[in-house]
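Secondary and tertiary structure notes
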Amino acid sequence: MDFVSIRIITGNVARLVDFYEKATGVPATWATEDFAELKTPGATLAIAGTRTVALFAPGSARPADNHSVIIEFLVDDVDRVHGNLTGLVPDFVNEPTTMPWGNRALLFRDPDGNLVNFFTPVTPAAIAKFAR
């Protein structure tokens, strides 16, 4: 089994795709006006409109209602990225902070309120864990 993507359901696909393109520097590939993907080497972030929910199970997902998932991106320099995101990110939850498990992390919310973590491994163990 391979984990390949996470999908965000949103009421405004264009706005959220624009935000993630700017935040990550990854261009989106659009399949329809209701579905786009940002592909990274490790996984894909899919962004879909509310109209796509009915294709799976009507009412099974609601936009801007996430209170348990954090979307995480490995970045080269979280402190530099933090500076680049100022003015784009509507809500920083915390400034870059070194976590006990060895990552320097920046937690913020996207325009729909989803939690996003950009992190850089900084301890030898964390660096080894994420070595490519």
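The secondary structure content of the protein chain amounts to four helices and eight strands. For the protein chain, the sequential pattern of α-helices and β-strands runs β-α-β-β-β-α-β-α-β-β-β-α. Here the protein chain has a C-alpha radius of gyration of 15 Å; the compact-globule value for 132 residues is 14 Å, and the two agree. Its C-alpha atoms put the protein chain at 45 × 35 × 25 Å along the principal axes. By residue count, 38% of the 132 residues in the protein chain fall in the buried class. Within the protein chain, contacts between residues at least 6 apart in sequence are counted, and of these 48% link residues at least 24 apart. Roughly 7,800 Å² of accessible area belongs to the protein chain as shown, and the carbon and sulfur atoms make up 55% of that amount. Seen as two clouds, the 11 positive and the 15 negative side-chain charges of the protein chain have centres 2 Å apart.

Tracing the chain through its elements places Phe119 in strand β8 (residues 115–121). Considered as a pair, Phe119 and Asp65 are 54 residues apart in the sequence and their alpha carbons are 24 Å apart. Contact partners of Phe119, with chain neighbours within four places excluded, come to Glu72, Phe73, Leu74, Val75, Val78, Asn103, Arg104, Ala105 and Phe130.

The next thing to look at is the pairing of β8. Most of β8 is tucked away, with seven of its seven residues classed as buried. What you see with β8 is no split at all: Leu115, Asn117, Phe119 and Pro121 on one side and Val116, Phe118 and Thr120 on the other are buried throughout. Where strand β5 (residues 70–74) lies against β8, five bridges are found, and the strand directions are parallel. Bridged to Glu72 within β8 is Asn117. Relative to β8, strand β7 (residues 103–109) is paired through seven bridges, and the arrangement is antiparallel. By the bridge assignment, Leu106 is partnered in β8 with Phe118.

The next point concerns the sheet that holds β8. Taken together, the four strands give an open sheet; going across it, the order is β5-β8-β7-β6, and neighbouring strands pair in mixed fashion. Single-partner strands in this sheet number two, and they are β5 and β6 (91–98). Going across the sheet, the axis of each strand differs from the next one's by a mean of 15°, ignoring polarity. Contacts from helix α3 (residues 78–85) reach β6, β7 and β8, with the element oriented near 20° to β7.

Cut-offs used in this document
- Residues numbered from 1 in each chain as written.
- Predicted model: local features only at pLDDT ≥ 70, side-chain atom pairs only at ≥ 80, totals over all residues.
- Heavy atoms only, no water.
- Helix = DSSP H or I, 4+ residues; strand = E, 2+ residues; numbered from the N terminus.
- Rg over C-alpha atoms; globule rule 2.2 N^0.38 Å.
- Buried < 20%, exposed > 50% of the residue type's maximum accessible area, 1.4 Å probe, protein only.
- Contact = heavy atoms within 4.5 Å.
- Areas by Shrake-Rupley, 256 points an atom, 1.4 Å probe, with all protein chains shown as cover.
- Lys, Arg positive; Asp, Glu negative; His and termini not counted.
- Charge placed at Lys NZ, Arg CZ, Asp CG, Glu CD.
- Pairing = 2+ DSSP bridges.
- Axes fitted to C-alpha atoms, helices over the stretch in contact; angles between N-to-C directions.

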